[in-house]
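# Breakdown of the fold
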Amino acid sequence: MKIRVHDKEFEPYLTADMISKRIKEIAADLSKDYKDKKPLFIAILNGSFMFASDLFKELNIDAEICFIKLASYKGTKSTGHVITAIGLDMDIIGRDIVIIEDIVDTGKTLSEFLPQIQHQQPASVKIVSLLHKPEATVYPITISYLGFSIPNKFVVGYGLDYDGLGRNIREIYRLAE
Ligand code: 5GP
C-alpha cells in the first residue's frame, strides 16, 4: 500500500523482514572478518541510526561504536556540500575502523569524510552501507559490506527521511511514479 510523506507518494520496496535477514548476514561476515580485532564502528548520523543499532546488536565480537553527523541533503536533492555537525571525539590511531552509512548515493559524503579519517592513521578503514545507488555514482566509493544495491530512486523509511519525516517507518519505501 502506498504511503504519503509530506507532499509525495511512496510505494513499498524493501520489507522489514528482508532488511533484518540481510543485516544478520552482514553481521555474520563482519563478526568473522573482525574477530579479535576490536573494531571501532563509526555510524554517520542521522540516517544510519536504525541500521547501526540493528547491525551492532547482531555482532558477536568485541566492538566499539561512536557517532558522527554529516549532512549533504535537503529535500530530495543534494545541496552539493558536506557539513560536519558533530565531530569525531575518539582517538582512532591504529584502530580498525568500519564506517556505517545508510545509503551511498553520489559518494560525495564519504569522499569528503574518508580523507579526514585516513589522516588520523587508523590501521584500516572499511565501509558498510545498507543501500547503494550505483547509477548515481559521481565519486566512486568501495563498499566492503553492502545490504542492497538499488535503482536511482529516492527512498524513505528505516532511518531515512524525506525532509525530516519517514525515519520511523520499519520498511523502506521508494518514490512512486
Ligand atoms: P551522497 O553523499 O553519497 O550523495 O549521499 C549520501 C547521503 O545522502 C546519505 O547518507 C543520505 O543521508 C542522503 N541520501 C542519498 N540518497 C537518499 C535517498 O534516496 N533517500 C534519503 N532519504 N536520503 C538519501
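Residues numbered from 1 in each chain as written. Predicted model: local features only at pLDDT ≥ 70, side-chain atom pairs only at ≥ 80, totals over all residues. Heavy atoms only, no water.

### Here's the deal with the site of the ligand
Keep this limit in mind: Nearness here has a simple test: a residue counts as near a molecule or strand if at least one of its heavy atoms is within 4 Å of that partner. Side-chain atoms alone can form a polar contact between residues adjacent in sequence; in general such a contact is a pair of N or O atoms within 3.5 Å, and within protein one must be able to donate a hydrogen while the other accepts it. For every accessible area listed, the method is Shrake-Rupley and the probe measures 1.4 Å; residues are considered covered only by the protein chains on display. The numbering of helices and of strands both runs from the N terminus, where a helix is a DSSP run of H or I of at least 4 residues and a strand a run of E of at least 2. Residue polarity is assigned by list, with Asp, Glu, Lys and Arg as charged and Ala, Val, Leu, Ile, Met, Phe, Trp, Tyr, Cys and Pro as nonpolar; anything else, Gly included, falls into the polar class.
Near the ligand lie 17 residues; those nearest to it are T106, T109, K133, V155 and D161. The side chain of E101 places a nitrogen or oxygen atom 3.2 Å from an oxygen atom of the ligand. For the ligand, a nitrogen atom lies 2.7 Å from a polar atom in the backbone of V155. For the ligand, the accessible surface in isolation is 510 Å², of which the surrounding protein chains cover 91%. For the shell around the ligand, the elements supplying multiple residues, two or more each, are β4 (64-74), β6 (96-104) and α3 (108-118). If you tally residues by element for the shell around the ligand, the top one is β6, at four residues. Split by residue class, the shell around the ligand holds six nonpolar, four polar and seven charged.

### What about the nonpolar core?
It is characteristic of soluble globular proteins that their nonpolar side chains tend to be buried jointly. Let me state the cut-off plainly: Only buried Ala, Val, Leu, Ile, Met, Phe, Trp, Tyr and Cys residues count toward a nonpolar core, and they belong to the same one when joined by side-chain atoms within 4.5 Å. Burial classification: accessible surface area is computed with a 1.4 Å probe over protein chains only, and a residue below 20% of its type maximum counts as buried, one above 50% as exposed, and the rest as partly exposed.
Ranked by internal contacts, the top residues of the largest apolar core, which has 28 residues, are L30, L55 and L131. Listing elements by their share of this core, those giving two or more residues are α1 (16-33), β3 (40-45), α2 (49-58), β6, β7 (124-132) and β8 (145-149). Residue contributions to this core peak at five residues, all from α1.

### Comments concerning α1
Every α-helix carries 3.6 residues per turn, so stepping three or four residues along brings you back to the same face. Quick note on the threshold: The span you would expect from a helix comes to 1.5 Å times its residue count less one. Relevant arc is that of directions from the helix axis to the C-beta atoms, nothing else.
In this model, α1 (18 residues) spans 26 Å end to end at C-alpha, consistent with the 26 Å of a helix rising 1.5 Å per residue. Residues of α1 that are buried: I19, I23, I26, A27, L30 and S31. On an axial view of α1, the arc spanned by its buried residues comes to 135°, and they lie on one face. Residues K21 and K32 are exposed on α1 and point more than 90 degrees away from its buried face.

### Re the side chain of S48
Spelled out, the test is: The contact rule is simple, with two residues in contact once any of their heavy atoms fall within 4.5 Å.
Its location among the elements puts S48 in the loop between β3 and α2. S48 gets classed as buried once you look at its relative accessible area, which sits at 0%. Within the structure, the side chain of S48 is placed 2.5 Å from the backbone oxygen of I44, a separation counted as a polar contact. The residues contacting S48, other than those within four sequence positions of it, are A43, I100, E101 and D102.

### Details of the sheet that holds strand β10 (residues 172-175)
Picture the strands of a sheet paired through backbone hydrogen bonds; they go either parallel or antiparallel. The line we're drawing: Only when DSSP finds a minimum of two bridges between them are two strands counted as paired.
Strand order in the open sheet made by the four strands is β1-β2-β10-β9, with antiparallel pairing throughout. Since the sheet does not close on itself, it has two edges, and those belong to β1 (3-5) and β9 (155-156), each with one partner. The pairing of β9 with β10 spans two bridges and is classified as antiparallel. By the bridge assignment, V155 is partnered in β10 with R174.

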